[in-house]
Amino acid sequence: AQKITQTQPGMFVQEKEAVTLDCTYDTSDPSYGLFWYKQPSSGEMIFLIYQGSYDQQNATEGRYSLNFQKARKSANLVISASQLGDSAMYFCAMRSTGANSKLTFGKGITLSVRP
Amino acid sequence: NAGVTQTPKFQVLKTGQSMTLQCAQDMNHEYMSWYRQDPGMGLRLIHYSVGAGITDQGEVPNGYNVSRSTTEDFPLRLLSAAPSQTSVYFCASRAGGDSPLHFGNGTRLTVT
């Protein structure tokens, strides 16, 4: 079974600084993908970034990067140059490769950006 | 391009009532799913479908039914609402491969 763990309490970061949101996972599948989603206070789920287990390089999307450490089974999200609009709940999720594979979510981390 | 459309946005039910949450996508995605979100629990999978005519249970299927008669639509039925089903419900779909899930805007359901 797959498991995603997000244990940080509410996170705070000063505007324009970088922040790392932790995510560890557990799976016995050799091939899988890791995803991060953002949920602002308005409630929608916004896809941020994806990392495949066999990708050689860490994924980056604009100010978002994924610090993927396969041996440690961690997939931390790094947000650079935080903005007030980054204040939201962030979810880490994983899915094994395959058409029927289901996306399993962690419990989320709340990030607050201070001006 | 509308993406994933959920209706209604809000609903209040009395215990024992039934209702259907509607979900439609216009991206021709084969995979569709329903999640519920509760405080401190993240998103939990209720049911999913890998194509028209095929559905399967997720992590928390009890009290919910689904059907998939077309590629576009994936309704979620509450047969006899219970207060424990008070939650925010999300429908999502995706294409194949490594594609991410695309979510609807959610339905906030309260059962009194």
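Structure: see above.
Residues numbered from 1 in each chain as written. Chains lettered and ligands numbered in written order. Predicted model: local features only at pLDDT ≥ 70, side-chain atom pairs only at ≥ 80, totals over all residues. Heavy atoms only, no water.

Explanation requested: the sheet that holds strand 8 (residues 76–78) of chain B in the structure shown.
Strands belonging to one sheet form pairs held by backbone hydrogen bonds; the direction of such a pair is parallel or antiparallel. Residue and element names in this part refer to chain B. With respect to topology, four strands assemble into an open sheet ordered 1-3-8-7, the strand pairing being antiparallel. Only two strands of the sheet have a single partner each, and these edge strands are strand 1 (4–7) and strand 7 (64–66). Averaged over all pairs of adjacent strands, the angle between their axes in this sheet comes to 20°, without regard to strand direction. Of the pairings in the sheet, the one linking strand 1 to strand 3 (residues 19–25) comprises four bridges and is antiparallel in character. When the bridges of strand 3 are listed, Val 4 appears paired with Gln 25. (Pairing = 2+ DSSP bridges. Helix = DSSP H or I, 4+ residues; strand = E, 2+ residues; numbered from the N terminus. Axes fitted to C-alpha atoms, helices over the stretch in contact; angles between N-to-C directions.)

I would appreciate a short explanation of the pairing of strand 9 (residues 74–79) of chain A in the present structure.
Residues and elements named next belong to chain A. For strand 9, the buried fraction is high: five of the six residues fall into the buried class. As paired strands, strand 8 (residues 64–69) and strand 9 are joined by six bridges and run antiparallel to one another. Paired with Tyr 64 across the bridge in strand 9 is Ile 79. Counting the residues in the hairpin turn of strand 8 and strand 9 gives four residues, including Lys 73, whose phi is positive at 55°. (Buried < 20%, exposed > 50% of the residue type's maximum accessible area, 1.4 Å probe, protein only.)

What am I meant to see in the packing of aromatic side chains here?
In this description, an aromatic ring pair is defined by two values, namely the gap between the centres and the angle between the planes. Evaluation of the coordinates by the stated rule reveals 14 aromatic pairs over all chains. When the centroid spacing of 5.8 Å and the interplanar angle of 50° are considered together, the rings of Tyr37(A) and Phe105(A) count as tilted. Note that Tyr37(A) is positioned in strand 5 (residues 32–39) and Phe105(A) in strand 11 (residues 104–105), a separation of 68 residues in sequence. Judged by relative accessible area, which is 8%, Phe105(A) ranks as buried. For the pair Phe105(A) and Tyr35(B), a centre-to-centre distance of 5.4 Å together with 85° between the ring planes defines the contact as edge-to-face. Placement of Phe105(A) in strand 11 and of Tyr35(B) in strand 4 (residues 31–38) is noted, with the two residues assigned to different chains. The exposure classification of Phe105(A) matches that of Tyr35(B), with both residues buried. Grouped by ring-pair contacts, the aromatic residues Phe35(A), Tyr37(A), Phe47(A), Tyr50(A), Phe91(A), Phe105(A), Tyr35(B), Phe90(B) and Phe103(B) constitute a single cluster. The ring of Phe74(B) has Arg68(B) lying over it, and the distance from NZ or CZ to the ring centre is 5.9 Å. (Phe/Tyr/Trp six-rings, centres within 6.5 Å; stacked < 30°, edge-to-face > 60°. Lys NZ or Arg CZ within 6 Å of the ring centre and 35° of its normal.)

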